[in-house]
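Listed below, chain by chain, are the residues.
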Amino acid sequence: MAEVNLKLELSSLLKLQTIDSDIHVLRNEKEAKPQEVKALEAVFEEKKQGVVNLEKKSLDLQKYKKDRELELASKEEAAKKFQNQLGSLKTNKEYQTMLQEIRSVKADVSVIEDKILEIFDQLDKVKLEIELEKQNFEKEEKIFNEDKRKIENRVKEIDDLLIQLEAQRKLFTPEISPKILSQYERILCNRDGLAIVKVENESCQGCNMLVTPQVINLIKMYEHIVVCEMCSRILYINEGD
């Protein structure tokens, strides 16, 4: 009678293991989802930074342009002041010196004006780059939101599946003695979701360790639960093999 009962309990354990294996896979998948979201966010933020960098470049150019415009106004004011002073000069030397100052200031004005024109060109280019980058970013944002939504939907799907599997699990646990169930669940927790394994070709299918004929005979006797000496998983044998 004990033999039949242990066979039945092992049969129930195998059914339970099938469910628990699915639960283990789903839980691992769910645990990985936050990292998937973080990876998506990291890529998204990197692409978003492209727009930010271009906008900063545009602001820097505008500030530089404003500084050059102030410098230009200062130079033009100086040139005007020197020009007004020409009539009050008394010697030819003073006059020539002032003319040289005026020419130098006008040369500076010309250089600054060229710089300002260059800045206008750069601002036009950056403006176009920003528009294109924003267009690309909008596409990337849609892709990001869609990928994130898929992950969130998958998590909800996993939660629903886990609820179903937990309900199925409860159908088999009453068929197993509390002692054996406790041993099984302890192994399940410590051995990566796999607690009961088949002996095939005289090897444990959990760790591939050789199982001696004596151990195989013990399994076939069904007097008590037999575990692998290496990985501590519960061993069973298909009688028809």
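Residues numbered from 1 in each chain as written. Predicted model: local features only at pLDDT ≥ 70, side-chain atom pairs only at ≥ 80, totals over all residues. Heavy atoms only, no water.

## Overview of the overall build of the protein chain
Argument step 1. Along its length, the protein chain carries four helices and three strands.
Argument step 2. Expected size for 241 residues packed as a compact globule is a radius of gyration near 18 Å; at 41 Å, the protein chain overshoots this value by more than 25%.
Argument step 3. By its C-alpha atoms, the protein chain is 135 × 35 × 30 Å across when sized along the principal axes.
Argument step 4. The proportion of buried residues among the 241 residues of the protein chain is 29%.
Argument step 5. Put simply, 72% of the contacts in the protein chain that link residues at least 6 apart link residues at least 24 apart.
Argument step 6. Taking the average place of the 40 positive charges on the side chains of the protein chain and the average place of its 47 negative ones, the gap between the two points comes to 6 Å. (Helix = DSSP H or I, 4+ residues; strand = E, 2+ residues; numbered from the N terminus. Rg over C-alpha atoms; globule rule 2.2 N^0.38 Å. Buried < 20%, exposed > 50% of the residue type's maximum accessible area, 1.4 Å probe, protein only. Contact = heavy atoms within 4.5 Å. Lys, Arg positive; Asp, Glu negative; His and termini not counted. Charge placed at Lys NZ, Arg CZ, Asp CG, Glu CD.)

## Here's the deal with the nonpolar core
Argument step 1. Counting residues in each nonpolar core, the largest one holds 23 residues, and the members touching the most others are Leu 10, Leu 13, Tyr 184, Ile 196 and Ile 234.
Argument step 2. Take this core: its biggest share by element is seven residues, from helix α1 (residues 2-85).
Argument step 3. Here Ile 196 is in contact with Leu 10, Leu 13, Leu 14, Gln 17, Tyr 184, Ile 234 and Tyr 236, once residues within four sequence places are set aside.
Argument step 4. Val 197, Ile 219, Cys 228 and Ile 237 belong to the second largest nonpolar core, which has twelve residues in total. (Core = buried A, V, L, I, M, F, W, Y, C linked by side-chain atoms within 4.5 Å.)

## Observations concerning the pattern of salt bridges
Argument step 1. Under the criterion given, the structure shown has 18 salt bridges.
Argument step 2. The closest approach of N and O atoms between Lys 33 and Glu 36, which form a salt bridge, is 3.4 Å. Of this pair, Lys 33 and Glu 36 are both found in helix α1, three residues apart, which corresponds to roughly one turn of the helix.
Argument step 3. Of the residues examined, Lys 33 reaches a relative accessible area of 9% and is grouped as buried.
Argument step 4. Using a relative accessible area of 33% as the deciding quantity, one classes Glu 36 as partly exposed.
Argument step 5. Taking the shortest distance from any N to any O, the salt bridge between Glu 71 and Arg 68 comes out at 2.8 Å. On the criterion of helical spacing, the pair formed by Glu 71 and Arg 68 is a turn pair, its members being three residues apart in helix α1.
Argument step 6. With relative accessibility at 32%, the residue Glu 71 sits in the partly exposed group. (Salt bridge = Lys/Arg side-chain N within 4 Å of Asp/Glu carboxyl O.)

## A word on the sheet that holds strand β2 (residues 203-204)
Argument step 1. Across the sheet, which stays open at both edges, the three strands sit in the order β2-β1-β3 with mixed pairing between neighbours. At either end of the open sheet lies a strand with only one pairing partner, and these are β2 and β3 (234-236).
Argument step 2. Across two bridges, the pairing between strand β1 (residues 196-200) and β2 is antiparallel. Looking at the pairing, Glu 200 lines up with Ser 203 of β2. (Pairing = 2+ DSSP bridges.)

## A closer look at helix α4 (residues 213-221)
Owing to its 3.6 residues per turn, the α-helix brings residues three or four apart onto one side.
Argument step 1. Three or more residues of α4 are buried, namely Val 215, Ile 216 and Ile 219. The buried residues of α4 occupy one face: seen down the axis, they fall within an arc of 100 degrees. Opposite the buried face of α4, by more than 90 degrees, sit the exposed residues Pro 213 and Gln 214.
Argument step 2. Packed against the buried residues of α4 are β1 and β3.
Argument step 3. Positive phi shows up at Tyr 222, right after α4, with a value of about 55 degrees. (Arc of directions from axis to C-beta.)

## Quick look at the packing of aromatic side chains
Any pair of aromatic rings gets described here by the distance separating the centres and the angle formed by the planes.
Argument step 1. With the rule as written, the count across this model stands at two aromatic pairs.
Argument step 2. With centroids separated by 4.3 Å and ring planes inclined at 10 degrees, the aromatic side chains of Phe 44 and Phe 144 adopt a geometry described as stacked. One end of the pair, Phe 44, is in helix α1; the other, Phe 144, is in helix α2 (residues 92-172), with 100 residues separating them in the sequence. Residues Phe 44 and Phe 144 agree in their burial class; the two are buried.
Argument step 3. Each member of the aromatic cluster is reached from another via a ring pair, and the members are Phe 44, Phe 137 and Phe 144.
Argument step 4. Here Arg 68 stacks its cationic end above the ring of Tyr 64, 4.5 Å away from the centre of that ring. (Phe/Tyr/Trp six-rings, centres within 6.5 Å; stacked < 30°, edge-to-face > 60°. Lys NZ or Arg CZ within 6 Å of the ring centre and 35° of its normal.)

## Things to note about the pairing of β1
Argument step 1. With respect to burial, β1 is a largely interior element, four of its five residues being buried.
Argument step 2. Taking the residues between adjacent antiparallel strands as the criterion, β1 and β2 are bridged by two residues, where Asn 201 takes a positive phi near 55 degrees.

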